[in-house]
Amino acid sequence: MLDNFPRGTICIEDIEMGMMRYVRKVVTDEDIQKFAEVSTDRNPVHLDDDYAQDTIFQGRIAHGMLTAGLVSAVIGEQLPGHGTIYMSQNLKFLAPVRPGDLVTAEVEVIGIEIGKRRVQLDCRCIVDGKKVLVGEAMVMAPSRKFD
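One structure accompanies this document, and this report is about it. Everything quoted here is computed from the prediction, not taken from an experiment. (Residues numbered from 1 in each chain as written. Predicted model: local features only at pLDDT ≥ 70, side-chain atom pairs only at ≥ 80, totals over all residues. Heavy atoms only, no water.)

Below, the discussion takes up the overall build of the protein. The number of helices and strands found in the protein is four helices and six strands. From first element to last, N terminus to C terminus, the protein shows the α and β order β-β-α-α-α-α-β-β-β-β. A principal-axis box enclosing the C-alpha atoms of the protein has dimensions of 55 × 30 × 25 Å. Taken over 147 residues, the protein has a buried fraction of 41%. Long-range contacts, defined here as pairs at least 24 residues apart, represent 65% of the contacts in the protein between residues at least 6 apart. Carbon and sulfur atoms form 51% of the exposed surface of the protein, whose accessible area is close to 7900 Å². Computing the positive centroid from 17 side-chain charges and the negative centroid from 22, the protein places the two 6 Å apart. (Helix = DSSP H or I, 4+ residues; strand = E, 2+ residues; numbered from the N terminus. Buried < 20%, exposed > 50% of the residue type's maximum accessible area, 1.4 Å probe, protein only. Contact = heavy atoms within 4.5 Å. Areas by Shrake-Rupley, 256 points an atom, 1.4 Å probe, with all protein chains shown as cover. Lys, Arg positive; Asp, Glu negative; His and termini not counted. Charge placed at Lys NZ, Arg CZ, Asp CG, Glu CD.)

When we look at burial in helix α1 (residues 29-39), the residues that qualify are D31, I32 and A36. Down the axis of α1, the buried set is contained in an arc of 135°. They therefore lie on one face. If you follow the buried residues of α1, they end up packed against β2 (20-26), α2 (44-47) and α4 (64-77). T40, located one to two residues past α1, shows a positive phi value of around 65°. (Arc of directions from axis to C-beta.)

Under the defined criterion, the tally for this structure stands at nine salt bridges. Across the pair E30 and K34 runs a salt bridge, and its minimum N-O distance is 3.1 Å. A residue pair is termed a helical-turn pair when its members lie 3 or 4 positions apart in one helix, as E30 and K34 do in helix α1 at four residues. What you see here is one network of salt bridges that share partners, running through E106, E108, D122 and R124. (Salt bridge = Lys/Arg side-chain N within 4 Å of Asp/Glu carboxyl O.)

Before going further, it helps to spend a moment on the environment of P96. Turning to its location among the elements, P96 is positioned in the loop between β3 (85-93) and β4 (102-113). Judged by its relative accessible area of 28%, P96 is partly exposed. Residues P96 and F57, spaced 39 residues apart in sequence, show a C-alpha to C-alpha distance of 7.6 Å. Here P96 is in contact with F57, I61, D101 and V132, once residues within four sequence places are set aside.

Shown next as structure tokens:
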């Protein structure tokens with residue numbers, strides 16, 4: 001996993017509009033298998049080459065929520081980071097992610113309510129310059145005053 005900033009915490013008092021963080025990860029067959037085991041989602045479009053070949057995707061794809069999990073990794077590890085509480089997330093899946101794809105998950109601050117410690121985040125995942133997932137998240141950021 002590659003990211004642009006060290007892991008840790010950015011407190012609400014230090015968050016600024018337009019602040020952005022990302023992680024990059026190649027999605028592997030092992031990732032897909034582990035996600036299937038943990039989630040109990042064993043849809044053959046993710047696990048069975050022969051089955052997946054006959055679908056609209058013409059091959060296996062990663063679970064959409066595995067891709068979305070990379071957004072969660074940015075939020076929980078970098079922006080705002082450790083101590084962040086997820087409040088809501090909406091997602092739109094635009095294209096499949098396949099085994100071997102390098103996914104860049106980006107999170108950007110688009111709104112801040114310091115008094116409520118809320119941060120609105122634009123979220124996206126990109127493969128080969130193409131958005132494969134977009135959405136927004138609302139989180140509660142840690143504060144030096146309370147944590």
